[in-house]
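Here is what each chain is made of, one letter per residue.
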Amino acid sequence: MKGKLRYLWSVTKLPIVAVAFGFIVGAVCIAVTGNNPLVAYMALFKGSLGSIPSIGETMYKVTPILFTGLAAAISFRCGLFNIGAEGQYVVATVATVAVAWFGQGLPRLVLLPLILIAGFCAGGLWGSIAGLLKAKRGINEVISTIMLNWIALYIANYMVRVPLSTNVLAGLPPEGHSVIIPNVAKLTKLKEMVPSFGYSSAHTGIFIALAAAGVMWYILFKTTIGYEIRTVGLNASAAEYGGISKAKNTILAMFLSGGLAGLGGAVQITGLVFMVNQSPALPGYGFTGLSVALVGCTHPLGVIPSALLFGILENGSRQMQLAGIPSEITSIISGVILVFIAGSLILKLAGDRLKSFGKNPVADTGKEGA
Amino acid sequence: MSKVVEMKGITKIFPGTVANDHVDFDLEKGEIHVLLGENGAGKTTLMNILYGLYQQTSGDIYINGKKEDIRGPNAAIALGIGMVHQHFMLVENFTVAENIVLGHEPKKGLTLDMEAAKTSVREVSDRFGLEVDPDARIEDIPVGLSQRVEILKALHKGAEILILDEPTAVLTPQEIDDLGEILKNLTNEGKSIILITHKLKEVLGMSDRVTILRRGKVIGTVQTSETTADELAEMMVGREVNLSSDKAEKAAGEVILNVEHLTVKDHRNLPAVKDVSFEVRQGEILAIAGVDGNGQKELVEALTGLMPTESGKVTLCGKDITGASPRTVIEAGTGHIPQDRQKRGLILQSSLTENLILGYHYQPPFAKNGKMDQIKIAEHGKELIQEFDIRTPNQDVSAGSLSGGNQQKVIIAREFYKDPPLLIAAQPTRGLDVGAIEFVHMRLLEQRDNNKAVLLVSLELDEIMNLADRIAVIYHGQIVGILDAAQATERQLGLMMAGGTSADKGDVS
Amino acid sequence: MTTAIFISLLTSAIRLATPLLLAALAGVYSERSGVVNIALEGIMTSGAFFSIWFTHVTGSAWLGVSMGIAFGIVTSSLLAVIAVNLKGNQVIAGTAINLLVTAVVAFLLEIIWHRSGSTPTAPAMLTTNPLKFLEGIPFLGTFFSQLTPFVYIAFLMVGVTFFVLWKTPWGLHVRAVGEHPRAADTVGINVYRTRWICVLISGALAGLAGATLSLGTVGLFREGMVAGKGFIALAALVFGKWHPIKTMYACMFFGLFSAFNILAQSFGVDAPTEFLAMIPYVATILVLIGVVGKAQAPKADGEPYEKDEK
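Residues numbered from 1 in each chain as written. Chains lettered and ligands numbered in written order. Predicted model: local features only at pLDDT ≥ 70, side-chain atom pairs only at ≥ 80, totals over all residues.

**Remarks on the overall build of chain A**
Worth spelling out the cut-off: For the purposes of this entry, the term helix denotes a DSSP run of H or I that reaches at least four residues, the term strand denotes a run of E that reaches at least two, and both are numbered from the N terminus. Exposure classes come from backbone-placed C-beta atoms, where a residue is buried if 20 or more other C-beta atoms lie within 10 Å of its own, exposed if 12 or fewer do, and partly exposed in between. Contact between two residues is assigned when their C-beta atoms, built from the backbone, lie within 7 Å.
Scanning chain A from terminus to terminus reveals 15 helices and zero strands. Expressed along its principal axes, the backbone C-alpha trace of chain A runs to roughly 85 × 55 × 35 Å. Residues counted as buried form 58% of the 370 residues belonging to chain A. Considering only residue pairs separated by 6 or more positions, chain A has 77% of its internal contacts joining residues 24 or more positions apart.

**Section: the sheet that holds strand β4 (residues 58-63) of chain B**
Residues and elements named next belong to chain B. Keep this limit in mind: Any two strands are treated as partners once DSSP identifies two or more bridges connecting them. A fitted line through C-alpha atoms represents every axis, and for helices the fit uses only the stretch in contact; the resulting angles, taken between N-to-C directions, go from 0 to 180 degrees.
If you walk across this open sheet you meet the four strands as β2-β1-β4-β5, and the pairing is antiparallel. Among the strands making up the open sheet, the edge pair consists of β2 (17-28) and β5 (66-68). Across the sheet, the mean angle from the axis of one strand to that of its neighbour is 25°, orientation sign disregarded. In this sheet, β5 lies alongside β4 in antiparallel orientation, the contact comprising three bridges. The residue bridging I63 from the neighbouring strand is K66, located in β5. Packing against the sheet, helix α1 (residues 43-50) makes contact with β1 (3-14), β2 and β4, and its axis sits at approximately 115° to β1.

**Some details on the environment of G240 of chain C**
Residues and elements named next belong to chain C. Secondary-structure assignment places G240 in the loop between α10 (229-239) and α11 (244-262). Along the chain, G240 and C251 lie 11 residues apart, while their C-alpha atoms are 8.6 Å from each other. Residue contacts for G240: discarding those within four places in its chain leaves A24, K246, T247, Y249 and A250.

**A short note on the nonpolar core**
This is how the line gets drawn: Only buried residues count toward a nonpolar core: Ala, Val, Leu, Ile, Met, Phe, Trp, Tyr and Cys, linked into one set through C-beta atoms within 7 Å.
Ranked by internal contacts, the top residues of the largest apolar core, which has 381 residues, are L70 of chain A, L50, I471 and V473 of chain B together with A236 of chain C. Excluding anything up to four places from it in sequence, A236 of chain C contacts L20, A24, T247, A250, C251 and F254 of chain C.

**Quick word on the interface of chain A and chain C**
As a reminder, the rule being used: When residue character is reported, Ala, Val, Leu, Ile, Met, Phe, Trp, Tyr, Cys and Pro are called nonpolar, Asp, Glu, Lys and Arg charged, and the others, Gly included, polar.
Each partner contributes to the interface: chain A provides 37 residues, whereas chain C provides 40 residues. Breaking the side of chain A that touches chain C down by element, the ones donating at least two residues are α5 (108-137), α6 (141-161), α13 (285-295) and α15 (328-358) of chain A. The dominant element in the side of chain A that touches chain C, judged by the number of residues it contributes, is α15 of chain A, at 15 residues. For the side of chain A that touches chain C, the residue count by class is 26 nonpolar, nine polar and two charged.

**Overview of the confidence of the model for chain A**
This is how it is decided: Every residue is assigned a pLDDT by the predictor, reflecting its confidence on a scale from 0 to 100.
Here chain A shows a mean pLDDT of 86. Residues at 70 or above account for 92%. The model gives residues 350-370 of chain A a pLDDT under 50, and that stretch makes 35 contacts with residues more than four places away or in other chains.

**Remarks on the pairing of strand β12 (residues 217-223) of chain B**
Residue and element names in this part refer to chain B. Looking at chain direction, strand β11 (residues 209-214) and β12 are connected through six bridges and run antiparallel. Bridged to T211 within β12 is T221. Between β11 and β12, which pair antiparallel in sequence order, lie two residues; one of them, R215, sits at a positive phi of approximately 50°.

Structure below.
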């Protein structure tokens, strides 16, 4: 057990230090605005965890980034940078509204899973475009996914303005958003189950997210699919040698990754927003998901506390704003954390490797007793 | 004779190992002095210190009698020291001239004066008899010529002291003789040369003195004329070494692998394997001999499904596996010890347990319907580590933390577990110390004795002559002859490796 | 097609290509030395913002440009530290910088102007042709009248970059470091210093590219105005096989697509605005599909160089 704890510490100490560093830099920025960092951080934590309703608020903020964090984690595990979670999320939101509206005659127990599956598949398919481009043509997924993000945004805006608009589908005057999904397609609010959640809009989506994390953990570490994806990510040449197809797993990983981002979009629509808005810019959950994954050591279970941290930052920033501190501080903290991790990742890996080279006894010829 | 180089009490400590331990080494003007030792003995480290790539932890260096502090390659070059590295330090898509002048380019104002560069390259090339085309690109010239460029690089910078690190790995026996001639010419012109090698034959043929290193310490310095191969081997390893393995007489059985008219293109779309045919039978070791870069890599990769096949047919145990995927080839009954163990054969960051199932991780008993059985996998790992005596604290350490010899054992253990009818071993003892080499040889012979077919690709003629039943020589992608090992001589093989044929010497195809 | 519309299209294409070109040239320096620069987007954002800010402060647009360049250098030095000294993963580092810059710029927008979304318009801009005498040329005069100073600078930089990287000794060193850093090291070239310098030059050019977007077009900074151009520039780099002249053609090609989007109405194209807006991004993907596989990046691109311990 002690060995396991020591291993856990060696793996998590980098993100923990990165987070601490982020908060320190944030404190400096707060001080620059003429405020007291400690007061600010107290407001941050009180605002996000101080009461059951506020915990509820934090929970629903955590939900989408838990999904995009999982999405990023699984792509990282396959050696891929899925910067396209934004677009995959957006595509899924459109699919969600479409299925919800056109399926509104179905009973809830059928419709809701159908919507979630549709969201997963929409995001998954969007993600596998980039996977296919990489597998078949060697196109760098960073560039392709970012291009696909913008394409997804414009497609979504068009869909919202034309086929899924309020006037076309519901006969109402046109607005800057899509038709609103029917009640049968909405997730249950937590306050309906546990009244102490009060004013919070928290919904059951958090449980779906946690379940997704569990399923991803199982797939990644207990199945051959996971073994193959991880092997391709660690050493694609050795994977190929071992009979594992790099192309197939690249596409699969991007499908799963996009699917998770898409599921996040579906959950967000059915749980909170209930419609898709026309937007000039991408929502940002995908980018946050990258940081969430890296701070969570790209591990499905590590993503959970990491998403909680970023959710606290997100929720608490409003409280900080009330205390007179610009809400952008929390994005700076996120950015610094990611930069710190980028810088230290290789140092850590190199450090481990050097330490274990040292353990190699010079007298080891491998012959004695062979 | 004056000493141009004196290294006194050189010690170099890296975290966890002592690479050089109070080493004394000197070089006299005009001599060829060999630094001999097994892989990992500390020879390259010592010379990297002399060339300024490393700094010694303690000890002094004297060049031409004066104590010097060599802080980097520029300092070494200024002192007249030049190094030709084992792995060429040449930029592939630059020309010969660009590579030779890199770092001290002739200038015309702000611009690069390539005309002056080419002229000076031709001058040095003519003076020392090392012919090259200054405008040729490195990626287009043969490997042996690249070595000449490396030597010219050092001479062009005015090197008086030349260090050559394992220069003969990429040469045929005849080219090795040529190199010997070149080195003699250079010493006649007043240059002094240090040769790093672990090959006894080269030592005896080319040097004036030999210094033997073992585990970072100097064992002794002897006059080449006064020593023998056996004596050197013993000093190198520290015990009596049996330079040849005992091989039992064996009659080969059925044909396991049948390769017919195989043609393979390399990554530049040029034919690397041309119309190659051979077969490997049960109970025999067929060795492919040849200088590195004559198509061995492409041959092995095509046979194992890692590279596409242009044309031809490959049959394993009667099943057609031409152009099949790696998984199909594995399932048809192949074990593969890859040439590059760290790139292909292992996932360095993963545990030994995970490495030991690579290739059959999806098959029962390790996995059923996609779900992996962690208990069986762990058991399997433990068993193999014990059976093959892999030196490791436990099965959960990363493969990257093991020594080269133990890493190779992991690969061998994993492949042997499959008990494959065909075993392909590509340079299986590269970079290993003598103990590990003996282990690998023993295991290969074991497979052969157990009626398996073994295809061995090796660059070391000694190893081939030791282990093989039949020897096929590859040159420029073609099999120029297949000989019975009992009848083959080194001279014959050397000729064939350089393109001659063995039509009149008992070809056994 | 009337001459006026044709010239309009051409000059639009060139003006739209200019920031891409400067950013892509930035990428050439960086990647030729072996450092992947995913942060072009963030550095451009930084350059766009700080050039407007300093123009507000000093009233001079050229001083604003120099501040944009300066902050481009500062931002890229973060990439240099992580990629060269800390040997970190260059793609993560670049992405992290992009996110951080977005956050910092939003923060500064708040505390300097107490606004979010965009800055007020700067007192000076650089949107007019500085070389007035060229407008006197018959037939081509109108063409030149629609160019900005940045256009001239960008095309000049193409020639400068080619000269520096292929005709000078330092350029040979840079390319050697990008192909085979260890070989360069063994002949005494300082790999770390060469990469640092290239990344800083890259930062300067990308910062300038950002200034082109803000001072050279609308005269203000708007959040999200870079809109993926840093990545399109990377695609142009791949399309142009990391060579300044071929990259220039690639950028003009992308510029043409963007111009088409804007001038679609003049051509009487009746398509949803969203689809027109998508064109540059779809074009980028199509171009990459057609090109990659034959393109060869500098061999050591993206790999941190580990100098063996001394």
